[in-house]
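Commentary on secondary and tertiary structure
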Amino acid sequence: MKKMTGAFLAALVTTTYAIAEPVDDTLVVNEDIAIVTRTAAPAHMADAVDEVMSGWLFRGSETRDMQRDDFDNPGMIFVEKAEEAWNTAEGSEGKSCASCHNGSDSMAGVRPVYPKWNEAAGEVRTLEMQINDCRETRMGAEPWKYTGGDMANMTALLASVSRGLPVNVAIDGPAQSTWEQGREMYYARTGQLELSCANCHEDNYGNMIRADHLSQGQINGFPTYRLKNTKLNSVHARFKGCVRDTRAETYKPGSADFVALELYVASRGNGLSVEGPSVRN
Amino acid sequence: MRRTILASLTIAVSALGLEAAEIAPTAVTFEDGSVAQSLSGQPGNAAEGRKIVGSKKLGNCVACHAVSDLSDVPFHGEIGPMLDGAGDRWSEAELRGIVANAKMMFEGSMMPSFYKTEGFFRPGKAYTGKAADDTFGPLLSAQQIEDVVAYLATLKE
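Here the structure is a predicted model, which means the values were calculated and not measured.

Thoughts on the overall build of chain B
Regarding its fold elements, chain B presents five helices and one strand. Listing every helix and strand of chain B by position from the N terminus yields α-α-α-α-β-α. The burial tally for chain B puts 43% of its 157 residues in the buried class. The long-range share in chain B, meaning contacts at least 24 apart out of those at least 6 apart in sequence, stands at 53%. Per element, the accessible surface of chain B, about 8400 Å² overall, is 57% carbon and sulfur.

Okay, structure coming up:
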């Protein structure tokens, strides 16, 4: 047998295989907020996939149902906790988030555009970085741990008030070089297993990898409440887990590397609705 | 006469440890993606190979491949082709090449290289997320590769 390319063999394989496709289902939260869970891929992804899909479509019916109503969504308990934190003064300035921003619903429209270029700081910032900047420079409070509970709760609150709005991160202008770094990371084959994000989430979404049904690895649903660890999981914690699973040395949550990767992965979901806190297994 | 020479030669060779010479991961010769010689210098054990292919802690091949013969192991993946009939489709040398380093047979393959120790980007210490240290070795040992090859050779339609 001659050497053959992976693509050629893969083509042979897919034709003989029943692919576990994402379900045909629609998500409306609280019978009110319509969530776009699949839509045409943004222009910058046209040569990779035709459609972008939320991880919600790849979960079982019970898991999907938990996200249809806030009373059934365990992630909403953490949103309530964050609502309390939103209104609680902390730090040397005696201020709360509400002192500067009024109600948490004033944050509608913020989640969909993060990570975002910050002109004054001269860097791309994630929502977590912005939250900690407010805590440190405006409240005189201690920063929260990047992937800690307080931080995950607050990002869940900020996501929840933007549910239904389309993810729309900017990838050009001053953010472009960060985005390009993230794209390189997405296609880099890391670790002893030499697997890239794209190997699993672009080439094989819809396929089973052992007991897991691979999704596109989108982050429009973050933070996610996972049934596996019964808590909210932040974007960088998930990235870390996936990189670790390639038997690689991971990057640090909050590092410039993961910020770049987050911008890039977020951009792959431009057009999908914000749905955090979502429910996953 | 001839026999005695041969017999004494064999003894001399095994005394030197050459008979069972193991080929290091960095010294494997691939020809069109195949590896002709046993990596451990020993034949493989198909029963051991069956365990390695199905075990999450060893080969974890079923993460990506379905194998009817392993229906006692739950959850087979569908990333790679089903391995039923692999022993008909490929020779022993080809199977050894595929398991040792599938990228030599299938360019750019997603299949990990099970007998390779160099050329990785950010290699880790197993699944800890930490950097690799001096305990770093191939995913499977030379003998484990041989066991897996022996098992795959039994998969006939």
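Anyway, onward from the coordinates.
Topic: the environment of Pro81 of chain B
Relative to the helices and strands, Pro81 of chain B is located in the loop between helix 2 (46-54) and helix 3 (86-89). Expressed as a C-alpha distance, the spacing of Pro81 of chain B and His65 of chain B, which sit 16 residues apart in the sequence, is 6.0 Å.

Some details on the interface of chain B and chain A
Listed as interface residues are 48 residues of chain B and, on the opposing side, 36 residues of chain A. Note on chain B versus chain A: buried area summed over both sides is about 3500 Å², and carbon and sulfur give 56% of it. For chain B, the biggest contributors to the area lost against chain A are Glu78, Arg122 and Tyr127 of chain B; these three give 22% of the whole. In this structure, Lys116 of chain B engages Glu194 of chain A in a salt bridge whose closest nitrogen and oxygen atoms are separated by 3.0 Å. Our enumeration of links across chain B and chain A arrives at 14 residue pairs in polar contact (both at pLDDT 80 or more). Split by residue class, the side of chain B that touches chain A holds 25 nonpolar, 14 polar and nine charged.

Structural notes on helix 5 (residues 142-153) of chain B
Residues and elements named next belong to chain B. Given a rise of 1.5 Å per residue, 12 residues ought to cover 16 Å, and the 17 Å separating the end C-alpha atoms of helix 5 matches this to within 8%. In terms of burial, helix 5 is largely enclosed, as nine of its 12 residues are buried. Three or more residues of helix 5 are buried, namely Ala142, Ile145, Glu146, Asp147, Val148, Val149, Ala150, Tyr151 and Leu152.

Brief notes about the state of the cysteines
Residue and element names in this part refer to chain A. Under the criterion given, the structure shown has zero disulfides over all chains. Counting only cysteine sulfurs, Cys134 is the nearest neighbor of Cys97, a cysteine outside any disulfide, at a range of 7.4 Å. According to the relative accessible area criterion, Cys97 is buried, its value standing at 16%. Cys100 takes part in no disulfide bond, and the closest cysteine sulfur to it belongs to Cys134, at a distance of 7.1 Å.

Focus: the packing of helix 4 (residues 92-100) of chain B against helix 5 of chain B
All names here are of chain B. Remark: helix 4 packs on helix 5, axes separated minimally by 9 Å, with the N-to-C direction vectors making an angle of 130 degrees. Considering their axes alone, helix 4 and helix 5 lie oblique with respect to each other. At the point where helix 4 passes helix 5, the crossing takes the right-handed sense. The segment helix 4 lies against helix 5, with Glu92, Leu95, Arg96, Val99 and Ala100 engaging Ile145, Glu146, Val148, Val149, Leu152 and Ala153. Class assignment for the residues of the contact of helix 4 with helix 5 results in eight nonpolar, no polar and three charged.

Rules used throughout
- Each chain carries its own residue numbering, running from 1 in the direction its sequence is written.
- Key to labels: chains lettered from A, ligands numbered from 1, both in the order written.
- Local features in a predicted model are, by the rule used here, given only for residues with pLDDT of at least 70; side-chain atom pairs are given and counted only at 80 or more, and totals for whole chains, interfaces and linings are based on all residues.
- Here the side-chain values reflect all heavy atoms present in the structure, with hydrogen atoms and water set aside.
- For helices the rule is a DSSP run of H or I covering at least 4 residues; for strands it is a run of E covering at least 2, with both sets numbered from the N terminus onward.
- Partly exposed residues are those whose accessible area sits between 20% and 50% of the maximum for their type, while under 20% is buried and over 50% is exposed, using a 1.4 Å probe and protein chains only.
- Should any heavy atoms of two residues lie within 4.5 Å, those residues are counted as being in contact.
- Surface accessibility in these figures is a Shrake-Rupley result with a 1.4 Å probe; residues are shielded only by whichever protein chains are displayed.
- Buried area: the accessible surface (1.4 Å probe) lost by two parts on joining, summed over both.
- The working definition used for a salt bridge is a side-chain nitrogen of Lys or Arg within 4 Å of a carboxyl oxygen of Asp or Glu.
- Any N or O atom pair separated by 3.5 Å or less is treated as a polar contact, with the protein-specific requirement of one donor-capable and one acceptor-capable atom, and with residues adjacent in sequence counted only for side-chain atom pairs.
- Classes in brief: Ala, Val, Leu, Ile, Met, Phe, Trp, Tyr, Cys and Pro nonpolar; Asp, Glu, Lys and Arg charged; the others, Gly included, polar.
- Take the number of residues in a helix, subtract one, and multiply by 1.5 Å to get its expected span.
- Count a disulfide wherever a pair of cysteine sulfur atoms falls within 2.5 Å.
- Angles run from 0 to 180 degrees between N-to-C directions of axes, and those axes are lines fitted to C-alpha atoms, restricted for helices to the stretch in contact.
- Should an angle lie under 35 degrees it is considered roughly parallel, over 145 roughly antiparallel, and from 65 to 115 roughly perpendicular; all remaining angles are considered oblique.
- Here a crossing is taken to be left-handed if its near helix is turned anticlockwise relative to the far helix by less than a right angle, and right-handed if that turn runs clockwise.

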